[in-house]
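Results of the structural survey
Listed here are the chains, written in short residue letters.
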Amino acid sequence: MSAITSAVSAAVSAVFRHEPNATPVDANERAKRLIDPGFGRVFTDHMALIRYSETKGWHDAQITARAPLSIDPASSVLHYAQEIFEGMKAYRLADGGTALFRPEANARRFNRSAQRMAMPEIPEALFLESIERLVRTDADWIPESDGGALYLRPFMFASEVFLGVKPSAEYLYMVLASSVGTYWKNGASTVSLWVSQDYTRAAPGGTGEAKCGGNYATSLVAQAEAIRRGYDQVVFLDARERKYVEELGGMNVFFVFDDGSIVTPPLTGTILPGITRDSILTLARAQGVDAREELYSIDQWRADATSGRLVEAFACGTAAVVTPIGKVASPEGEFTIGSGGPGQLTMRMHAALVAIQRGTAPDPHGWLRRLD
Ligand SMILES: *Cc1c(COP(=O)(O)O)cnc(C)c1O
């Protein structure tokens, strides 16, 4: 960290204001909500909020009661979608402590997304501080259940009241915390994929590698089509050739071969650089697995699954960690991956990652940031 960044963040941290929620959810009610929280529906008592303006820079940092916002209907985000977000988890460790998983990587990615969307960058230390303060404030909301965690959702949007098209002069940065259980109710069971023919997620030069709400907005119609056809998730092909597998709407993808090697599509600008993806590449390589970043076509996927050269495939991301892929379908027909159930390497990667996140395995890469 440069001296300037730390001076700025130190100055800001000095004015971080805490306004405790005057009517927090009582302990019994909270316990009830934490029994089966699902994903993204149970929220904690507080939120973090920091304002930005061109004239004042980052200011008015606070941890305050979670409450609806009142924003002007001409707020620029409502018209031109200048918005970015992040997703990360705080875990309860086996020793009773609390930790975040690679939050510095989220901070860096948030700022890369900000650059792409012509938004101001937030000092990394300030981003981390907002998250740590919120997790400390609402630590009682981390579910004790297996697979439970506190999902953190930092986001930033254009709040200038102006209908002209230009980068906003004002922004709101916020962090929400949501108690979550295991993402997929049916645990290690597989997901089925529909290969979108009519829609792409990201084109070269577009926003595919930025974590912005707009990418999700454009994926919804393709996701709805997958559901309508009886599949769980959509998988997108590259926009140029409609040939190479890119990723799901919100998860990266890995292929596992009979020689024990694994492949994931390379980060060429149209794929979201997942932190789970990067962690799996690192873990696999540390285990001596040949892990390659290579283009992989849908035709090759079908041929390899049919011949038995491809034995497993899985999707990965913070919310669901690792999800085995069971079958894949396109207008050319359906094919099954391996036995159609979760594969061995997939389960091994899932277990290795979860063990580090829960503090039940050593953390050789320094990925945990403990809060105690
Ligand atoms: C967030 C996201 C991922 C997964 O990233 P993680 O850092 O592993 O959670 C993958 N694809 C898309 C489109 C995403 O938005």
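These numbers were taken from a predicted model, which means no experiment stands behind them.

What counts as what
- Residues numbered from 1 in each chain as written.
- Predicted model: local features only at pLDDT ≥ 70, side-chain atom pairs only at ≥ 80, totals over all residues.
- Heavy atoms only, no water.
- Helix = DSSP H or I, 4+ residues; strand = E, 2+ residues; numbered from the N terminus.
- Buried < 20%, exposed > 50% of the residue type's maximum accessible area, 1.4 Å probe, protein only.
- Contact = heavy atoms within 4.5 Å.
- Polar contact = N/O pair within 3.5 Å; in protein donor to acceptor, adjacent residues only side chain to side chain.
- Near = heavy atom within 4 Å.
- Areas by Shrake-Rupley, 256 points an atom, 1.4 Å probe, with all protein chains shown as cover.
- Nonpolar A, V, L, I, M, F, W, Y, C, P; charged D, E, K, R; others polar.

This next bit is on the environment of V245. Examined against the element boundaries, V245 turns out to sit in strand β12 (residues 245–248). For V245, a relative accessible area of 3% gives the class buried. In the structure, V245 is positioned 69 residues away from F314 in sequence and 13 Å away in space, judged by C-alpha atoms. Ignoring anything within four residues of it in the chain, the contact list for V245 reads V235, F236, L237, V253, F255, P265, Y296, S297, I298 and W301.

Okay, the environment of I337 next. Along the chain, I337 turns up in the loop between β18 (333–336) and α9 (344–357). Owing to a relative accessible area of 2%, I337 belongs among the buried residues under this scheme. In sequence terms I337 and E312 are 25 residues apart; their C-alpha atoms lie 5.8 Å from each other.

Notably, A81 is not glycine yet its phi reads approximately 60 degrees, a positive angle. The phi torsion at V321 lies on the positive side, around 60 degrees, for a residue other than glycine. For V321, the position within the fold is in strand β17 (residues 321–330).

Among the secondary structure elements, S179 is positioned in strand β9 (residues 170–180). A distance of 2.7 Å separates a polar side-chain atom of S179 from the backbone oxygen of W141. If near-sequence neighbours (up to four positions away) are discounted, S179 is found in contact with L34, P37, G38, V42, W141, P143, A149 and L150.

What follows concerns the site of the ligand. Residues in contact with the ligand amount to 15 residues; listed here are only the nearest, K211, Y216, E247, T276 and T318. The contact in question runs from a nitrogen atom of the ligand to an N or O atom on the side chain of E247, over 2.6 Å. Here the ligand, which alone exposes 380 Å², has 96% of that area covered by the protein. Grouping the constituent residues of the shell around the ligand by class yields four nonpolar, seven polar and four charged.

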